[in-house]
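# Observations on the model geometry
This is what each chain is made of:
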Amino acid sequence: MLTEALVAVRHGGQTPVATPTCTPCPSSSSSQPSSGTLLAQSVSTQETPGSGLHACAKPCETERSATPTVTERVSRSRYLSERGNSIRQQRGILQEGFLLYSQDKYHETDRPDGIINLGTSENKLCYDLLHDRLTRPDMLQLDPPLLQYSDWRGHQFLREEVAKFLTDYCCSPKPLKAENVVVMNGCASLFSCIAAVVCDPKDAMLVATPFYGAITEHLGLYTDVKLYHVHLDSEASSEDGRLFHLTVDKLEEGLRRARHEGFTVRGLVLMNPHNPLADIYTPKEMVGFLEFAKRNELHAIVDEVYMLSVFDDSVTFSSVLSLESVPDPQRTHVMWGLGKDFAMAGIRVGTLYTENRDLVEAAAKLGAFHGLPGTTQKQVAQLLQDRDWIDKQYLPGNRSRLKAAHRYLTGELQGLDIPYVDSPAAMFVWADLRKYLAEPTFEDELCLWRHFLKHKVVLSCGQAFSCSTPGWFRIVFSDQDHRLRLGMKRIKAALEEYKDPITITDCLSIRDGGHKVRTSGRDPDSAAIVRPSSPQGRSSDLPEEKDNTVHAGLDADELVVDCQTSKPAEGLDSLIGTLRHQIRSSSWLEKNTPELSAGEDPEILDVFKALLERARK
């Protein structure tokens, strides 16, 4: 494309981009970030206007964002504050992929060439079951109190039903209390409110990577609370063969590093079952994590939103609420919601259970911003108390469908000799696509992510989860069979094309005065399946790793893969100088005749030729 060629030359012959790239940190394409590094949440007030990027406060103090910010040319609004501009410019890979999907959704008849979304964790398997239940007469009740203001923690009748439900399905040894329940419009709101009342701005919470990247925004957009990364090893532990194995020793080391760097750490974020690993921690492991939090006076936020999405009868999930004794009940806060386990992400219902009444009272003050409609609260209460439907129809049906979809996807991955983390929980598989990368870098991972988009399928790449090793992807399987199969067909086609030793034009990178030609990646692991053994024991601490930072904003036609200093737009003289330098050091322009794409302005060609002629002089 002519426009891409012009932009590539402008940026010193690097990969074609349409915008400035991110602020510099050493080893930007290394696959080994440091074992504990802080995630920057906000856009620096001293960055280039409109870059949409945040800057490192000092070299490598900040980590590659779990949801890297977009590098679109969004001008700073004079109507917004610095914080408002920062929020407006924030968008990461997960959000970017969903945005592209929402603009071009696949439909069997209306848009058969639209995008299949296997990147967003939504359960689309149970609409028939839900439609039957949610259209029954008891769901249509409308009482006057439902149209009036309620307790901002949620209506009393709903909190009572949530307490009973969690008592039964979390196997609590004693009845849970309604006064310890807070209900809000989704777990994202709960994350934000908990951070607001237990942390001050710039405080940090520990989180092991990879992790669900949107938590970055949940904690940071309103409250400016940071996430300090504890990176887990993608290679199997020598002790038990588990990948990305979290241990108390690794948490201790991460906390030590964070405090040494001057950060005030207030809490620990835990996910069980895990996202994106789908791993299930044992009660022994969870108690160890909670005892670590107690020793260090850290709040433990435990996300259990997939607790009922375990689809293998031989595997048992144990909630923190099932423990006979929680090490520090005043600092332990358990979240659950209907979005995942009940396949109703659009309903936006999240629940919090905590014995800390001060936290409940403080969170209630924020409930006015995050409350649920009274009618929705009534419907949710009716649903949760219908144990006959839940136990005999919904849960068995949902689990059998998840199991079948998981079996299909993993069978396809085995056929492609693609390793993956095997766990019978949640709605996704964590797959190892490293063998398809020409080089083990995050920029190559982004190339592959974009290549899937070209084939009209969205996946979620590892850097969206702050994975420390490039090449891992989360593939969601909880979709209707025909869409899942079509999505897999497109994945196969994309991989088949991508592995060929030819230049991939949509991931063009100019290096050493020539094309970046794809070469075969390294061999995959000998086994087609990565199967974590029973989650017992601990692996040794990870060695200190290099820091690396990659920020990216992508759409179907743009890819940012180089980490450079954000700077003002160059003038014409600077551009001509860059062109002249590139032509003298490379024959790329001579070998690649620019061509106009459909819809491009013909004047671009004239400008390009004029600049090229001046550069030759």
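All of these numbers come straight from a predicted model, not from anything done at the bench. (Residues numbered from 1 in each chain as written. Predicted model: local features only at pLDDT ≥ 70, side-chain atom pairs only at ≥ 80, totals over all residues. Heavy atoms only, no water.)

### A word on the overall build of the protein chain
Operational definition: Only DSSP runs of H or I reaching four residues or more are called helices, and only runs of E reaching two or more are called strands; each is numbered from the N terminus. Throughout, exposure labels follow a simple rule: accessible area from a 1.4 Å probe, protein chains only, divided by the maximum for the residue type, with under 20% read as buried, over 50% as exposed, and the rest as partly exposed. Any two residues having at least one pair of non-hydrogen atoms within 4.5 Å are treated as being in contact. Using a 1.4 Å probe, the Shrake-Rupley method yields the accessible areas, and only the shown protein chains count as cover for residues.
Across its full length, the protein chain holds 18 helices and 15 strands. The proportion of buried residues among the 617 residues of the protein chain is 59%. Within the protein chain, residue pairs in contact and separated by at least 24 positions form 77% of the contacts whose partners lie at least 6 positions apart. For the protein chain, the exposed surface amounts to about 25200 Å²; the carbon and sulfur share of it is 50%.

### A closer look at the sheet that holds strand E11 (residues 420–421)
Note the threshold: One bridge is not enough; two strands pair if DSSP finds at least two bridges between them.
Spatial ordering of the open sheet is given by E11-E12-E15-E14, a layout of 4 strands whose pairing is antiparallel. Only two strands of the sheet have a single neighbouring strand rather than two, namely E11 and strand E14 (460–461). Pairing between strand E12 (residues 428–432) and strand E15 (residues 472–476): 5 bridges, direction antiparallel. When the sheet's bridge partners are listed, alanine 431 is paired in E15 with phenylalanine 473.

### Points about the pattern of salt bridges
Once the charged atoms of two side chains with opposite charge are near each other, the side chains can pair. The condition is simple: By convention in these notes, a salt bridge is any Lys or Arg side-chain nitrogen within 4 Å of a carboxyl oxygen on Asp or Glu.
The full count for this structure, using the stated rule, is 29 salt bridges. A salt bridge links arginine 159 to aspartate 151; its shortest N-O distance comes to 3.4 Å. Between aspartate 481 and arginine 485 there is a salt bridge, and its shortest N-O distance comes to 2.9 Å. You can see aspartate 481 and its partner arginine 485 sitting in helix H15 (residues 481–498), 4 residues apart, about one turn around the helix. On the basis of relative accessibility, which here comes to 43%, the residue arginine 485 falls in the partly exposed class. One salt-bridge network, in which partners are shared between bridges, spans Asp132, Arg133, Arg136, Asp138 and Asp386.

### Description of the confidence of the model for the protein chain
Put simply, the rule is: What pLDDT expresses is the predictor's confidence in each residue, scored from 0 to 100.
Here the protein chain shows a mean pLDDT of 79. Residues at 70 or above account for 68%. Note on residues 1–72: pLDDT under 50 across the span, and 275 contacts to partners over four residues away in sequence or across chains. Within the model, pLDDT remains below 50 along residues 508–528, and this stretch shows 54 contacts once partners closer than five positions in the same chain are excluded.

### Some remarks on the layout of surface pockets
Where we set the bar: Definitions used for this entry: grid spacing 1 Å over protein atoms alone; cavity, a set of points where a 1.4 Å probe fits but cannot get out; pocket, an open set with protein on both sides within 12 Å along at least 5 of 7 lines; lining residue, one with an atom within 4 Å of a point. Grid points are joined across faces, edges and corners, and a volume is the space filled by probe spheres set on the points. When residues are grouped by polarity, Ala, Val, Leu, Ile, Met, Phe, Trp, Tyr, Cys and Pro land in nonpolar, Asp, Glu, Lys and Arg in charged, and all others, Gly among them, in polar. Domain start and stop points were drawn from an automatic or database domain assignment.
Its volume calculated, the largest pocket comes out at about 1000 Å³. Along its surface, the largest pocket is lined by 42 residues, and Tyr212, Ala214, His218, Lys340 and Arg348 are the ones closest to its centre. Elements with a contribution of two residues or more to the lining of the largest pocket: helix H3 (93–103), helix H6 (187–198), helix H7 (215–220) and helix H10 (338–341). Here the residues of the lining of the largest pocket sort into 21 nonpolar, 14 polar and 7 charged. Residue-level mapping places the lining of the largest pocket at the junction of two domains, with at least three residues from each of domain 1 (93–122 + 436–507) and domain 2 (127–392).

### Structural notes on the side chain of histidine 406
Along the chain, histidine 406 falls in helix H13 (residues 387–415). Note on histidine 406: relative accessible area 8%, which makes it buried. The contacts of histidine 406, once residues within four sequence positions are left out, are Phe311, Asp422, Ser423, Val429 and Phe477.

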